[in-house]
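Listed below, chain by chain, are the residues.
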Amino acid sequence: MVSRRSFVGAMSAASVAGYVRSALGVPLGLNLAEAGAGANDPLKFVKIAIGTGGHGHTYPGATVPFGAVQLGPDTGASDWDHSSGYHYSDSAILGFSHTHLSGTGCVDLLDVLLMPATDDFKFDPQAKADSATSYRSKFSHSDEEMAPGYYKVYLQDSKVTAELTTTERTGLHRYTFPKSDKACFLLDMAHTGQPGVDASRPNDPITPAVRWASVKVIGNDTIVGGRCMDVWAKGREIYFAMKFSKPFSLVEIYSDGKLDATAKEAKSGSVRCVVHFKTHEKEVVQVKTGISGVSIEGATANLKAEAPAWDFDGTKDAAAGRWRKELSRIKVSSEDTRSLEIFYTGLYHMMVAPTLFDDVDGQYRGMDGKVHMLAKGTHNYSTFSLWDTYRALHPMFTLMVPERVPDFVNCMIRMAEQSPEGVPVWPLQGRETGCMVGYHSAPVVAEALVKGFKGIDAKAAYAPFRKRDMEDDYRGLAAYRKLGYVPCDVQDESASKTMDYAYDDRAVAALALAAGDVDAHKQLLERSRCFVNLYDKESGFIRPKYADGSWAGKPFNPKGINISGKWRDYTEANAWQTTFLVQHDPALLIETMGGDAAFVKKLDELFTQSSDLPPDMPPDVSGLVGQYAHGNEPNHHIAYLYNYAGAPEKTQARVRSLLETMYDNKPDGMAGNEDCGQMSAWFVISALGLYAVDPVSGEYDFGTPLFDRVEMTVGGGKKLLVEAKRQSAKSVYIQSVTWNGTAHAGLRIPHAELAKGGTLVFHLSDMPTKQSLTLS
């Protein structure tokens, strides 16, 4: 049985109209890149509204590939479905902020909110962020235009048209005003200063606070400032320099809700400014803003370097050009517009994070809170959703943007060396959120070394990960090392932690080998097998266990999340999903579960179970097919496990079904949180007929290709061509595979082969037959 947890809630007439337009094939927010674009221009297939509804949690604003600035509209900031600041069901805009998260399950960023207003402006300086008395303006989706690097909307209440575009570190605004003696901008430095919601940990609330916010007025056209936030990333600092094309007549500064009529600067827990003008009919006022994690001086330098002139159209065209170049790395031949829109929008979402986090002079704020200088030619990044993205996004980076991989990996090594919390888990703008279990920077670093990327110091990489794996008492690791599992009376989410630690053991084992520590390599590989200690043969599931060795949960409910009765024992999952959370040693899992036939039977049952879930299951467990939850990342490799049990035809059929049912070209077209590119990356790599069940292995597993022809640039001008030769349009079952014209044996192919470029051809039929392909 297939079910999807889609967003259900009150929707405005405009929102409903937007969904109807989508269903009728009308573009989701007119994509201006289509105007004059050639037939092969990938920008015309990017429908940025995909993921902004349902629980996708994406934002529709302007950014450039991996850019530090994400300038876009905010329609809310205080609940789970507004983690990105925007939800398609809304009908009013609070303003336009310069930083956004893409697809996360927690609220943060949304920095330096700017909102134009005219005669309708009603300002409540005491309003809490995103409260009912906060100023906002109605809008309609029919008045929105979205394209890579560009956003436009008409604000109905103020009668102002807003346009946004960006460079890497700056945001450019262009506002067309009506005639008004009361034209103004609200600059809100208190925005997002209320509790964020981590749906995975409702009993661990995020403490709300703006530690401090500051502004300073310089002359009659510039405002600078910054703030330090305690929302999700505690102590996160951000700075800005904002310049207006039209001199303002007055700036009113409200500090902690009180107006100081003579103040030119302020610093407090809540700072807001009202910037006053007079405008004539259709007058254009532009604003440009530099952002920095280092200082006001850094933001000012970024602004001068990247946006020296008032050239909105030139900046917009340059942003589109950058996106066109990146998206053209993969060229798909297909007449299926729906699939092309899902694919290229997914490819777009794969490159909005990680995000640049350094200044034009090479300075950046490290995980120790200090300012550091980069080596020439290198960059620093942020926004690594590693629990999610190590699975498919980073493997895809090694193929499609290999030149960026050393920077990403070296950034993580620096973080591990600088951070008082140790190796990165979920780092955000110089702070560690500590979100999710495991420490999955390890597989990202290990994968790069296994795949032979240059410019990465293996010994420097190994040192902090060895400490975490073999010394730190981090979230049950000491008990894990002693007992071979994390006990459920010692740690919450103990079953998932055990499974994740086992995979991280496998990753650190690869780091040890790269660094020349052969003994540790052997030791950690052996310990990576300890997930079997939580397999209960009687129930047939991975099950929480107490420190004394007894099983929790009598009777045992494999659909439950709180088995011990003390807390959650699985992370956004239950026993059905967690039992298959073995990426590095499926053969041992299959043996433990009774062999190929028993394993295939159990895996079939995962997909055919009732989709009923207990009421305390977090909403992340979504996109259900039976108890398989495609909306949550630990499930993403599971359909490929049939390959390891002699039933590859089941992998091929299931993967094709998931490609067709778990994604759509509509605002609610994602089965769950997009999670900084991972949900999209599963679709993109699976559409190529590939997937990395174990990224650290340096190999890709075969699924079934969605398109008949895909050409990918894999670095150094080399091309990888993936073709599907079908018996008919319905053909999904692999009969044979050739690599560069030679028959390819097995259901996997090394990264080293694909990275050379070449031609991979899948010969597909309508019905499965006796497979000649085996895993070897």
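Our subject in this report is the structure included herewith. (Residues numbered from 1 in each chain as written. Predicted model: local features only at pLDDT ≥ 70, side-chain atom pairs only at ≥ 80, totals over all residues. Heavy atoms only, no water.)

**Describing the overall build of the protein**
Rules: The helix and strand labels rest on DSSP assignments: H or I over at least four residues marks a helix, E over at least two residues marks a strand, and numbering proceeds from the N terminus. Atoms counted for the radius of gyration: C-alpha only. Globule rule: 2.2 Å times residue count to the power 0.38. Classification of residues uses two cut-offs on accessible area relative to the type maximum, computed with a 1.4 Å probe and protein chains only: under 20% is buried, over 50% is exposed, and between them is partly exposed. Any two residues whose heavy atoms approach within 4.5 Å are treated as being in contact. Shrake-Rupley sampling with a 1.4 Å probe provides the accessible areas, and residues are treated as covered by the protein chains on show and by no other component. In this tally, Lys and Arg are treated as positive and Asp and Glu as negative; His is ignored, and so are the chain termini. Every charge is mapped to an atom, namely NZ of Lys, CZ of Arg, CG of Asp or CD of Glu.
A tally of regular secondary structure across the protein gives 18 helices and 37 strands. Computed over its C-alpha atoms, the radius of gyration of the protein comes to 26 Å, within 12% of the 28 Å expected for a compact globule of 776 residues. Structurally, the protein occupies a C-alpha span of about 80 × 60 × 50 Å along its principal axes. For the protein, the residues scored as buried account for 66% of the 776 residues in total. Across the protein, the fraction of contacts at a sequence separation of at least 24, relative to all contacts at a separation of at least 6, is 70%. With an accessible surface of roughly 25500 Å², the protein has 51% of that area assigned to carbon and sulfur atoms. Averaging the coordinates of the 81 positive side-chain charges in the protein and doing the same for the 93 negative ones gives two points 2 Å apart.

**Brief notes about the packing of helix H7 (residues 405-418) against helix H8 (residues 441-450)**
Where we set the bar: Each axis is a line fitted through C-alpha atoms, and for a helix only the stretch in contact is used; angles between axes span 0 to 180 degrees, taken between their N-to-C directions. With respect to orientation, any angle under 35 degrees is reported as roughly parallel, any angle over 145 as roughly antiparallel, any angle of 65 to 115 as roughly perpendicular, and every other angle as oblique. Two helices crossing with the near one rotated counterclockwise from the far one by less than a right angle form a left-handed crossing, whereas a clockwise rotation gives a right-handed crossing. Three classes are used, and their members are as follows: Ala, Val, Leu, Ile, Met, Phe, Trp, Tyr, Cys and Pro are nonpolar, Asp, Glu, Lys and Arg are charged, and the others, Gly among them, are polar.
One can describe the packing of H7 onto H8 by two numbers: an axis separation of 10 Å at closest approach and a directional angle of 135 degrees. Taken together, the axes of H7 and H8 are oblique relative to one another. Note that H7 runs across H8; the crossing there is left-handed. Residues Val405, Val409 and Met412 of H7 form the contact with H8, whose own contacting residues are Ser441, Val444, Val445 and Ala448. Here the residues of the contact of H7 with H8 are counted per class, giving 6 nonpolar, 1 polar and no charged.

**Here's the deal with the pairing of strand E18 (residues 283-292)**
On any regular strand, side chains alternate: one points to one face of the sheet, the next to the other face. Note the threshold: Two strands qualify as a pair provided that DSSP identifies no fewer than 2 bridges between them.
When you tally the buried positions in E18, you get 9 out of 10 residues, the bulk of the element. Across 6 bridges, strand E13 (residues 236-244) lies against E18 in antiparallel orientation. Residue pairing across strands places phenylalanine 244 opposite valine 287, the latter belonging to E18.

**Some points on the side chain of aspartate 388**
Put simply, the rule reads: Any Lys or Arg side-chain nitrogen located within 4 Å of an Asp or Glu carboxyl oxygen qualifies as a salt bridge.
Tracing the sequence through the fold places aspartate 388 in helix H5 (residues 386-389). The charged side chain of aspartate 388 is buried without a salt bridge, its nearest counter-charge being arginine 391 at 5.6 Å.

**Things to note about helix H16 (residues 648-661)**
Note the following rule: Multiplying one less than the number of residues by 1.5 Å gives the expected span of a helix. Arc definition: directions from the helix axis to the C-beta atoms.
Here H16 spans 20 Å end to end across 14 residues, near enough to the 20 Å set by a 1.5 Å rise per residue. Pro648, Thr651, Gln652, Val655, Arg656, Leu658 and Leu659 are the residues of H16 that are buried. On an axial view of H16, the arc spanned by its buried residues comes to 165 degrees, and they lie on one face. Packed against the buried residues of H16 are strand E28 (624-625), strand E29 (628-629), helix H17 (678-687), strand E31 (699-702), strand E33 (719-726) and strand E34 (733-739).

**Side note on the sheet that holds E13**
One key point about sheets: their strands pair by backbone hydrogen bonds, in either a parallel or an antiparallel sense. Sheet architecture is open: 9 strands sit in the order E6-E7-E8-E9-E18-E13-E12-E11-E16, paired in antiparallel fashion. One side of each edge strand has no neighbouring strand; the edge strands of this open sheet are strand E6 (145-147) and strand E16 (265-268). On average, each strand axis in the sheet is tilted by 15 degrees relative to the strand beside it, whichever way the strands run. Sheet strands in contact with helix H2 (residues 296-306) are strand E9 (170-177), strand E12 (222-229), E13 and E18, and its direction is about 125 degrees off that of E18. Running over the sheet, helix H3 (residues 312-327) touches strand E7 (150-155), strand E8 (160-166), E9 and E18 and is turned about 50 degrees from E8.

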